[in-house]
Amino acid sequence: MRPKRHAVLVDPAAIPKAEHLIAATVGQDRPVPADEPMQPAGPPDERRTGTQVQVVGIGQNHLGPETKEIPVGHRLDRTPRAHRGERGGLHTAVRGLQLPRSRGSVAMPDLENATFGHCRILHSVGMRPVSRVPSTIKYGGSRPVKRLRVGVVYGGRSSEHEVSLASAAAVFAHLDRERYEPVAVKIGQDGRWTLAERPPTIASAADTILQPRLDQARTNRSTREVHVVAHPSDETLLTIERVEPGQAGAGHTGDAIVNGLGLDVMFPIVHGPYGEDGTLQGLLELANIPYVGAGVLAAAVGMDKAVMKELFAARGLPVVKHQVILRQTWRADRSASIDRLEQQLRFPMFVKPANLGSSVGISRVAEPCGLADALDLAAQFDRKIVVEEAVTPCREIECGVLGNDAPEASVPGEIVTSREFYDYEAKYLDDRSVTTIPASLDPDQTDTIRRMAVAAFQAIDGAGMARVDFLLGRDDGRLFLNEINTHPGFTTISMFAKMWSASGVAYGEMLDRLIALAIERHTDKQETRTSVTRDPTGTGTSDR
């Protein structure tokens, strides 16, 4: 079923009592009775203003969305409290926000005869249809409609830089300009952040990898450096434009023009180390801004194949036999390392850098004579090497996951690679590989894969999105959880996007949902106390 957007509209004039509001949740067949009071907040969460607004949450599964009640003040704001997150209030992305018409419908079944002067619209993405938009609702008044300003961060220092450019091009092409104002923030391969002169436009990974030089030469000339403000601030970024000697307005050598730039949400599309490994996420946490995708822990674990497998095994999820070797151990005693692997694992084996994606640095080793070269290659890309016993023959099955605390899984898909395994060339340069979506599986296999995908997502405390990869034995039907990717590609042949499209969520709608999930998660974080010495209840006692 095609997802649709739904909204709650709140008339600012109705301030005195929250029970005067009539709210309908996504998929609900009747409105909440007007005389049914909302659940009051507990003492630690009391606000100094009385208005409560029910915010329709994001639909997380096919059984219907959850509804999240956030007790807040008028205009979705509250009196700052030092123990409530870093800012003591909701982020600007959900504070006093008006959004323009979305692709889907905005519906309030009980407002057929209502007229609003100043309406406030809180979007959510659900999995069920609701009735049509009341024709009498007006978008008017003195406040202009505001778009969310989304900082799309792409590029990065890793070997997956070009893949990131292709993913970002697809994101820019599909972000709804009526709802979002995208800002292109490029991280060069030298790690330097700049405001790009223009966003990337080549959405094919193959074209981006094979012909990157001309486009790079144009965009890398930007003199507008970007620095994230690593503390809560209305100015998320500081832009620094260097003034060259002789340029108009230039004074001394080294002069610069510094400006602040506020963002509502960050959308990281940075693959590999220094992007999807928790480092970038940590910076955005310091800035206290909503961001799309996994948090620090899930991103770091989702990058480290060795730690990931330990968590999966602890959850009782099936993983292949494997060994971990440190680069220094390998270099110190190559012979002992090979003996250990041959004693513990059977050929064929896969040798992988622990912290890298897109199959970079991975080798399939069928005979002992190839093991040393494979370890040398993997050691070039990481200090930690994972060696796995291959499942052969096998089918490669993937499944997408969307959500936060109540995630849902897409239909599974299958990759039939044109090469020995689904390596970097097969993923991005060779168009002979075939994808089948949905995968040809019996109902029990499909159900098991979807449940395991959600379990893997929850095992690493995932958020936003992930792609979960499986190995299915052709002969014995044994299923193994291979790995989870918390920042799957958004390229033209991305399995993640295709699987969700087959599940009824189109590409642009998927972006809407990811941004909404980012705001939902950030809003929930603001409810976390950060002080034990302040009095949260106003009773005069201390938490000490």
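See the structure above.
Residues numbered from 1 in each chain as written. Predicted model: local features only at pLDDT ≥ 70, side-chain atom pairs only at ≥ 80, totals over all residues. Heavy atoms only, no water.

Colleague: Even after reading the chapter, I still don't get the overall build of the protein, so can you show me in this structure?
Modeller: Secondary structure assignment for the protein yields 13 helices and 21 strands. Out of the 544 residues belonging to the protein, those deemed buried represent 54%. Nonlocal contacts in the protein, meaning residues at least 24 apart in sequence, comprise 70% of its contacts between residues at least 6 apart. When the accessible area of the protein is evaluated, it comes to approximately 23800 Å², of which 50% is carbon and sulfur surface. (Helix = DSSP H or I, 4+ residues; strand = E, 2+ residues; numbered from the N terminus. Buried < 20%, exposed > 50% of the residue type's maximum accessible area, 1.4 Å probe, protein only. Contact = heavy atoms within 4.5 Å. Areas by Shrake-Rupley, 256 points an atom, 1.4 Å probe, with all protein chains shown as cover.)

Colleague: Help me out: how do you make sense of the pattern of salt bridges in this one?
Modeller: Side-chain pairing between opposite charges can occur once the charged atoms of the two side chains come close. Counted under the stated rule, the structure contains 14 salt bridges. Measuring nitrogen to oxygen at the nearest pair gives 3.1 Å for the salt bridge that ties Asp-512 to Arg-179. Taken together, the residues Asp-512 in helix H13 (residues 507–525) and Arg-179 in the loop between helix H1 (161–174) and strand S6 (180–187) connect sequence positions 333 residues apart. We note that Asp-512, like Arg-179, is buried. Between Glu-388 and Lys-352 there is a salt bridge whose closest N-O contact spans 3.0 Å. Taken together, the residues Glu-388 in strand S15 (residues 384–389) and Lys-352 in strand S13 (residues 349–353) connect sequence positions 36 residues apart. Residue Lys-352 is classed as buried on the basis of its relative accessible area, which comes to 6%. Connected through salt bridges with shared partners, the residues Lys-309, Lys-352 and Glu-388 form a single ionic network. (Salt bridge = Lys/Arg side-chain N within 4 Å of Asp/Glu carboxyl O.)

Colleague: What should I look at first to understand the nonpolar core in this one?
Modeller: Generally speaking, nonpolar side chains in soluble globular proteins are found buried as a group. Ranked by size, the top nonpolar core spans 32 residues in total, and within it Phe-267, Phe-490, Met-510, Leu-514 and Ile-515 carry the most contacts. Counting only elements with at least two residues in this core, the list comes to strand S5 (148–155), H1, S6, strand S11 (265–269), helix H12 (495–502) and H13. For Leu-514, the residues in contact, after removing those within four places along its chain, are Phe-267, Val-292, Leu-402, Gly-464, Met-465 and Phe-490. By size, the runner-up hydrophobic cluster in this structure holds 30 residues, among which are Ala-294, Val-454, Phe-457 and Ile-484. (Core = buried A, V, L, I, M, F, W, Y, C linked by side-chain atoms within 4.5 Å.)

Colleague: Just checking my understanding: could you explain the packing of aromatic side chains for this structure?
Modeller: Two numbers describe a pair of aromatic rings. These are the distance of the centres and the angle of the planes. Per the counting criterion, the structure on display carries four aromatic pairs. Geometrically, the ring pair formed by Tyr-154 and Phe-172 is edge-to-face, given 6.2 Å between the ring centres and 85° between the ring planes. Taken together, the residues Tyr-154 in strand S5 and Phe-172 in helix H1 connect sequence positions 18 residues apart. Of the two residues examined, Tyr-154 and Phe-172, each falls in the buried class. Taken together, the aromatic side chains of Phe-267, Phe-490, Phe-496 and Tyr-507 make up a single cluster linked through ring pairs. Over the aromatic face of Tyr-274 sits the side chain of Arg-157, whose NZ or CZ is 3.9 Å from the ring centroid. (Phe/Tyr/Trp six-rings, centres within 6.5 Å; stacked < 30°, edge-to-face > 60°. Lys NZ or Arg CZ within 6 Å of the ring centre and 35° of its normal.)

Colleague: Could you clarify how one ought to interpret the packing of helix H8 (residues 334–344) against helix H9 (residues 371–379) in this entry?
Modeller: For any two helices packed against each other, one specifies the crossing angle of their axes together with the interaxial distance. Remark: H8 packs on H9, axes separated minimally by 11 Å, with the N-to-C direction vectors making an angle of 110°. With respect to their mutual orientation, H8 and H9 come out roughly perpendicular. Counted together, Arg-334, Ile-338 and Leu-341 of H8 and Leu-371, Ala-372, Leu-375 and Asp-376 of H9 form the full contact between these two elements. Partitioned by chemical class, the residues of the contact of H8 with H9 number five nonpolar, no polar and two charged. (Axes fitted to C-alpha atoms, helices over the stretch in contact; angles between N-to-C directions. Parallel < 35°, antiparallel > 145°, perpendicular 65-115°, else oblique. Nonpolar A, V, L, I, M, F, W, Y, C, P; charged D, E, K, R; others polar.)

Colleague: I keep staring at the sheet that holds S13 and nothing clicks. Help me out?
Modeller: Reading across from one edge, S12-S15-S13-S14 is the order of the four strands in this open sheet, with antiparallel pairing throughout. Of all the strands in the sheet, just strand S12 (322–326) and strand S14 (363–365) have a single pairing partner and so form its edges. Geometrically, the sheet is characterised by an average inter-axis angle of 25° between neighbouring strands, direction not taken into account. In terms of strand pairing, S13 meets S14 through three bridges, oriented antiparallel. Among the inter-strand pairings, Val-351 is bridged to a residue of S14, identified as Ser-363. (Pairing = 2+ DSSP bridges.)

Colleague: Looking at this structure, I do not really get the pairing of S5. What am I missing?
Modeller: Look at any regular strand and the pattern is simple: side chains alternate between the two faces of the sheet. Of all eight residues that make up S5, seven are buried, and the element is covered over most of its length. With eight bridges connecting them, S5 and S6 associate as parallel partners. By the bridge assignment for S6, Val-150 is matched with Pro-182. With H1 bridging S5 and the parallel S6, this β-α-β connection has right-handed handedness. (Right-handed = clockwise from strand over helix to strand, strands pointing away.)

Colleague: What exactly am I supposed to notice about helix H5 (residues 296–303) here?
Modeller: Within an α-helix, residues lying three or four positions from one another point in the same direction, as the helix has 3.6 residues per turn. For H5, the full list of buried residues reads Ala-298, Ala-299, Val-301, Gly-302 and Met-303. Next to the buried residues of H5 lie helix H4 (279–287), helix H6 (305–314) and strand S21 (479–485).

Colleague: Would you mind showing me how to read the environment of Leu-195 here?
Modeller: Within the secondary structure layout, Leu-195 lies in strand S7 (residues 193–195). When its relative accessible area of 11% is taken as the criterion, Leu-195 is described as buried. When the C-alpha positions of Leu-195 and Val-183 are compared, they lie 7.8 Å apart, and in sequence the two are 12 residues distant.

Colleague: Where do I start with unusual backbone geometry in this structure?
Modeller: Between Thr-392 and the following residue, Pro-393, the backbone shows a cis peptide bond with an omega angle of -15°. Take Pro-393: it is sitting in the loop between S15 and strand S16 (394–403). Between Ile-437 and Pro-438 the backbone carries a cis peptide bond, its omega angle lying at -5°. The backbone of Asp-461 shows a phi angle near 60°, a positive value even though the residue is not glycine. Structurally, Asp-461 is set in the loop between helix H11 (443–459) and strand S20 (464–473). Since its relative accessible area comes to 47%, Asp-461 is described here as partly exposed.

Colleague: Just to check I follow, could you spell out H1 for this structure?
Modeller: If you check H1, its first and last C-alpha atoms are 21 Å apart, about what 14 residues at 1.5 Å a residue would give, namely 20 Å. Among all positions of H1, only His-161, Glu-162, Val-163, Ser-164, Leu-165, Ala-166, Ser-167, Ala-168, Ala-169, Ala-170, Val-171 and Phe-172 are buried. (Expected span 1.5 Å × (residues − 1).)

Colleague: Explain the pairing of S15 here, please?
Modeller: In terms of burial, S15 is a largely internal element, six of the six residues being buried. Burial along S15 is two-sided: the face carrying Lys-384, Val-386 and Glu-388 and the face carrying Ile-385, Val-387 and Glu-389 are both buried. Pairing geometry for S12 and S15, over five bridges, is antiparallel. Residue Leu-326 lies in a different strand from S15, and its bridge partner there is Lys-384. The pairing of S13 with S15 spans five bridges and is antiparallel. Pairing of Met-349 across the sheet is with Glu-389, part of S15.

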